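# Coordinates in review
Now for the letters of each chain:
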Amino acid sequence: MSAAHPGFTFLVCPDGQLLRARMEQLLTSFPPASGQWERHVYWGDEEPSPRFWEQLTLQGLFGAPRVLVVRQANLWPAAVWKKVSHALARPSEQCWPFFCMEVAWDKGQPKIPAHIAKLRCMAFADQKGWIWRQDGLNERAVKKHVLQRSHELGLRFEQDALEQFCASVPPDAQAIENELHKLQLLRNAAQDGAAHSENQAPESGNITLSMTATASWNPECNVFDCIRHMEAGNLSAVWKELSRSQDGDSLLFSLLALLARELRLLWQLWAGEKVRVHPNEAAFKKQLATRLGPAVLAECMSTVMDAELQVKSGRRSPGQSLDYLAARMTDLFATGRTRA
């Protein structure tokens, strides 16, 4: 007999891929008594539909066990959450709701809206251990995450390739996942080629530096190309670089994550802090940070945050936000150039 699943679960994490992975772990740990979980996904930027309330509160002996997933549940207003909290006081054995709080963290704590943090259901879930909190990936946690996922995918990195890969990918679990799958394909292709060649030595199966260097998407190189074009005020060249991606939504958020990381690095260099920089790029980055200065760097950071906020709030589409980001960053870097 399977153990009873939590009445409801809060997943608090700004990284959607880490959040989904945790949910899959929980669903595997608590299989339904019979059949399979029937999944229904809702989003916090829309008012919950009558169907949602029906699925949340329906009691009965029959019907498929169901999982309700509410992405960006932190966007629901206080009135909705008051009704949700009341409904959760009598959870359905057939229903397992997951409320995803995809909020930023500050000083080690998630910035959950006050009207949610004060709810009785949150206090009860915390008491029962039904809240999972994770602040996402940062530069220090990237290597550990890459090693964990590589092990699960059966990938082995050579040491120099591992260092290069961890230094180039943004601290975003979905971007890392995509790149690991690409490397998996490259590794398999190399092994297949060696197996069919009489004159070629068998491949070790390791991920080599040449594989990471020739991957179809190398965000570090893309960003530096974009920065150079932005410094030159050449917006068309910036778009030519960005247009290589076929997925505009993925491109925008990968670029936002990497730009945020790059700007933090530039800020640290301007402040004279010791940071890990690839030797071939150290002089360029330090010169760039000095030329831009704190005012322009702060404005760049604000631009990145605003581009993300405009999409998540529904005010702009990803494509519109990418237009804004490219034009605004080009203008800011041009401003930094004239100040030099």
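Now for a quick tour of the structure.

Definitions and cut-offs
- Residues numbered from 1 in each chain as written.
- Predicted model: local features only at pLDDT ≥ 70, side-chain atom pairs only at ≥ 80, totals over all residues.
- Heavy atoms only, no water.
- Axes fitted to C-alpha atoms, helices over the stretch in contact; angles between N-to-C directions.
- Helix = DSSP H or I, 4+ residues; strand = E, 2+ residues; numbered from the N terminus.
- Parallel < 35°, antiparallel > 145°, perpendicular 65-115°, else oblique.
- Left-handed = near helix turned anticlockwise from the far one by under 90°.
- Contact = heavy atoms within 4.5 Å.
- Nonpolar A, V, L, I, M, F, W, Y, C, P; charged D, E, K, R; others polar.
- Phe/Tyr/Trp six-rings, centres within 6.5 Å; stacked < 30°, edge-to-face > 60°.
- Lys NZ or Arg CZ within 6 Å of the ring centre and 35° of its normal.
- Salt bridge = Lys/Arg side-chain N within 4 Å of Asp/Glu carboxyl O.
- Buried < 20%, exposed > 50% of the residue type's maximum accessible area, 1.4 Å probe, protein only.
- Pairing = 2+ DSSP bridges.
- Right-handed = clockwise from strand over helix to strand, strands pointing away.
- Core = buried A, V, L, I, M, F, W, Y, C linked by side-chain atoms within 4.5 Å.
- 1 Å grid on protein atoms, 1.4 Å probe; cavity = no way out; pocket = protein on both sides within 12 Å on 5 of 7 lines; lining within 4 Å.
- Points joined across faces, edges and corners; volume = space filled by probe spheres on them.

Their axes nearest at 10 Å, the elements helix α2 (residues 50–57) and helix α3 (residues 78–88) cross at an angle of 25°. The angle between the axes of α2 and α3 places the two elements in the roughly parallel class. α3 is crossed by α2, and the crossing has right-handed handedness. On α3, the residues touching Trp 53, Leu 56 and Thr 57 of α2 are Val 80, Lys 83, Val 84, Ala 87 and Leu 88. When the residues that make up the contact of α2 with α3 are grouped by side-chain class, the tally is six nonpolar, one polar and one charged.

Before going further, it helps to spend a moment on the packing of aromatic side chains. Here a ring pair, both rings aromatic, is described through the centre-centre distance and the interplanar angle of the planes. Following the criterion strictly, the structure yields 16 aromatic pairs and no others. It is Lys 83 that lies over the ring of Trp 53; its NZ or CZ is 4.4 Å from the centre. Residue placement shows Arg 316 over the ring face of Tyr 324; its charged tip is 4.3 Å from the ring centre.

Pairing of side chains with opposite charge becomes possible as their charged atoms draw close. In this structure the tally under the stated criterion is eleven salt bridges. With its nearest N and O atoms 2.7 Å apart, the salt bridge here joins Lys 312 to Glu 308. Here the residue Lys 312 and the residue Glu 308 both occupy positions in helix α13 (residues 282–312), the gap between them amounting to four residues, near one helical turn. Notably, a salt bridge pairs Arg 328 with Asp 331, separated by 3.1 Å at the nearest N-O pair. Here Asp 331 and Arg 328 lie together in helix α14 (residues 318–339), a separation of three residues that amounts to about one turn. A relative accessible area of 40% means that Asp 331 is categorised as partly exposed. When salt bridges with common partners are traced through the structure, they connect Arg 149, Glu 152 and Glu 177 into a single cluster.

Let us now look at the pairing of strand β4 (residues 95–101). The buried fraction of β4 amounts to seven of the seven residues, a majority that puts the element mostly inside the structure. A two-sided burial pattern is seen for β4, the buried positions comprising Cys 95, Pro 97, Phe 99 and Met 101 on one face and Trp 96, Phe 98 and Cys 100 on the other. Direction of pairing for strand β1 (residues 9–12) relative to β4: parallel, over a ladder of four bridges. If you follow Val 12 over to β4, its bridge partner there is Met 101. Bridge count for strand β3 (residues 66–71) against β4 is five bridges, and the pairing is parallel. Looking across to β4, one finds that Arg 66 is bridged to Cys 95. With respect to chirality, the unit in which β3 leads through α3 into the neighbouring parallel β4 is right-handed.

Another point: the nonpolar core. Formed by 31 residues in total, the largest nonpolar core has its most connected members in Leu 11, Phe 98, Val 146, Phe 157, Phe 165, Ile 176 and Leu 180. Mapped onto this core, the elements with two or more residues apiece are α1 (16–29), β3, β4, α6 (139–153), α7 (159–168) and α8 (173–195). Per element, the largest residue contribution to this core is five residues, and it comes from α1. Apart from residues no more than four positions distant in its own chain, Phe 157 is found in contact with Val 146, Ser 150, Leu 162, Phe 165, Leu 180, Leu 183, Ile 207 and Thr 212. The next biggest cluster of nonpolar side chains, apart from the first, holds 28 residues, and it includes Ala 73, Ala 87, Cys 95 and Trp 130.

Quantified by volume, the largest pocket comes out at close to 2,300 Å³. Around the largest pocket, the lining is made up of 50 residues, and of these Pro 14, Asp 15, Ala 104, Glu 308 and Lys 312 lie nearest the centre. No other element matches the ten residues that helix α12 (residues 248–270) contributes to the lining of the largest pocket.

Structural measurements only, silent on function.
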